[in-house]
Amino acid sequence: MDPAEAKSYRPISNLSVLSMLLERLVAKQLVTYLRDNSLLPDRQSANRAHHSTETAVLSVLADILLALDSGNLAVLTLLDLSAAFDSVDYDILLRRLQTTYGLGGVVMNWFRSYLNGRTQYVRSSTTSSLPSAVLCGVSQGSVLGPILFLLYTADLLQLVIRHRLHPHAYADDTQIYGYCIPPDTDMLHKRISVCVDEVSLWMASNRLLLNPAKTEVL
């Protein structure tokens, strides 16, 4: 990547072994609670047991092939986010954990403590900058980071469904697809266009940013 571009540089989190072990214990309890209460999104295929790259590809491909075999036309939109994990807003995330997923009390205090108080600095050779507070983003390489991002963006899938389209997400990549009989092609294109506009607005209101260079329509 171009060393003169600021976007070429991403933070690296140096997490201790003790921190990683503690996160694994918390992640196990959190995922168990979410699974037992059916709070995990069905169409999110990352950072979960039995929800891998293969399940994402098979799910989307099977739906599209079934539509084509029935004589329908299909449209697939591939959305990508810019620095998604680094853009998670702590206040929004904590509010979502409380209102959407029912976490509270000691649990919320723990997550608030986990997210806040982190610092970062730039080091070049033997010179380092002064530490500055990390105000957003989940730690790269952490155990809890991907799970928290999944919960942060879960509402996006429901937004797509409200437009009578099919979503599937893998980490920070989102696929939106739909199908119709040939005479209704213009109507489907319009529905997808309106949906993508609303997705963009939702992302902006949640401090996330679509990456136009990696967004495709097939």
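Scroll up for the structure.
Residues numbered from 1 in each chain as written. Predicted model: local features only at pLDDT ≥ 70, side-chain atom pairs only at ≥ 80, totals over all residues. Heavy atoms only, no water.

Trainee: How would you explain the overall build of the chain if you had to name every residue and give the values?
Mentor: In terms of regular secondary structure, the chain is built from six helices and eight strands. For the chain, the spread of C-alpha atoms along the principal axes amounts to about 65 × 45 × 30 Å. Within the chain, the proportion of its 218 residues that are buried is 40%. Total accessible area on the chain is roughly 13,000 Å²; 58% of this is exposed by carbon and sulfur atoms. Put simply, the chain has 18 plus and 20 minus side-chain charges, and the middle of one group is 7 Å from the middle of the other. (Helix = DSSP H or I, 4+ residues; strand = E, 2+ residues; numbered from the N terminus. Buried < 20%, exposed > 50% of the residue type's maximum accessible area, 1.4 Å probe, protein only. Areas by Shrake-Rupley, 256 points an atom, 1.4 Å probe, with all protein chains shown as cover. Lys, Arg positive; Asp, Glu negative; His and termini not counted. Charge placed at Lys NZ, Arg CZ, Asp CG, Glu CD.)

Trainee: Can you break down the pairing of strand 1 (residues 73-80) residue by residue, with the values?
Mentor: Here eight bridges tie strand 1 to strand 7 (residues 173-180), and the two strands are oriented antiparallel to one another. Its bridge partner lying in strand 7, Leu73 is registered against Cys180. In this sheet, strand 8 (residues 216-217) lies alongside strand 1 in antiparallel orientation, the contact comprising two bridges. Bridge pairing in strand 8 links Thr77 to Val217. (Pairing = 2+ DSSP bridges.)

Trainee: Residue-level account of unusual backbone geometry, with values.
Mentor: Residues other than glycine seldom take positive phi values, yet Ala83 does so here, at roughly 45 degrees. As for its position among the elements, Ala83 is in the loop between strand 1 and helix 3 (90-99). For Ala83, a relative accessible area of 35% corresponds to the partly exposed category. The backbone of Arg207 sits at a positive phi, close to 65 degrees, despite the residue not being glycine. When you line up the elements, Arg207 lands in the loop between helix 6 (185-205) and strand 8.

Trainee: Could you give me a rundown of the sheet that holds strand 6 (residues 166-170), with the residues and numbers involved?
Mentor: Spatial ordering of the open sheet is given by 6-7-1-8, a layout of four strands whose pairing is antiparallel. The open sheet has two edge strands, strand 6 and strand 8, and neither has a second partner. Docked against the sheet, helix 5 (residues 144-162) engages strand 6 and strand 7, running at close to 160 degrees with respect to strand 6. Most of the contacts of helix 6 go to strand 1, to which it runs at about 15 degrees, and overall it touches strand 1 and strand 7. (Contact = heavy atoms within 4.5 Å. Axes fitted to C-alpha atoms, helices over the stretch in contact; angles between N-to-C directions.)

Trainee: Pulling in residues and values, what's your account of the pattern of salt bridges?
Mentor: Counted under the stated rule, the structure contains three salt bridges. Asp63 serves as the salt-bridge partner of Arg43, at 3.6 Å between the closest nitrogen and oxygen. Of this pair, Arg43 sits in the loop between helix 1 (17-36) and helix 2 (53-69) while Asp63 sits in helix 2, and the two are 20 residues apart along the sequence. By relative accessible area, Arg43 is classed as partly exposed at 26%. Classification of Asp63 by relative accessible area gives buried; the value is 19%. Where Arg207 meets Asp89, a salt bridge forms, and the shortest distance between an N and an O atom there is 3.2 Å. (Salt bridge = Lys/Arg side-chain N within 4 Å of Asp/Glu carboxyl O.)

Trainee: Please give an account of helix 3 that cites residues and values.
Mentor: Of the positions making up helix 3, those classed as buried are Tyr90, Ile92, Leu93, Leu94, Arg96 and Leu97. On the buried face of helix 3, the contacting elements are helix 4 (106-115), helix 5 and helix 6. The N-capping residue of helix 3, defined by a side-chain oxygen 3.0 Å from the backbone nitrogen of Asp91, is Asp89. (Polar contact = N/O pair within 3.5 Å; in protein donor to acceptor, adjacent residues only side chain to side chain.)

Trainee: A description of a nonpolar patch on the surface should follow, citing residues and the corresponding values.
Mentor: A cluster of nonpolar side chains, namely Val57, Leu61, Leu65 and Leu68, defines an oily patch on the protein surface of about 340 Å² accessible area. Topologically, Leu65 is positioned in helix 2. Leu65 sits in the partly exposed class, given a relative accessible area of 42%. (Patch = residues over 30% accessible without salt bridge, like charges linked within 9 Å, V, L, I, M, F, W, Y side chains within 5 Å.)

Trainee: Now, about the side chain of Asp89: what can you tell me, with residues and values included?
Mentor: The residue Asp89 is located in the loop between strand 1 and helix 3 in this model. In contact with Asp89, other than residues within four places in its own chain, are Tyr152 and Arg207.

Trainee: Tell me about the environment of Tyr177, and please be specific about residues and values.
Mentor: Inspection of the secondary structure assignment puts Tyr177 in strand 7. Setting aside residues up to four positions removed in sequence, Tyr177 forms contacts with Arg43, Ser59, Val60, Asp63, Ile64, Val75, Leu76, Leu165 and His166. Engagement of the side chain of Tyr177 in a polar contact is seen with the side chain of Asp63, the distance being 2.5 Å.

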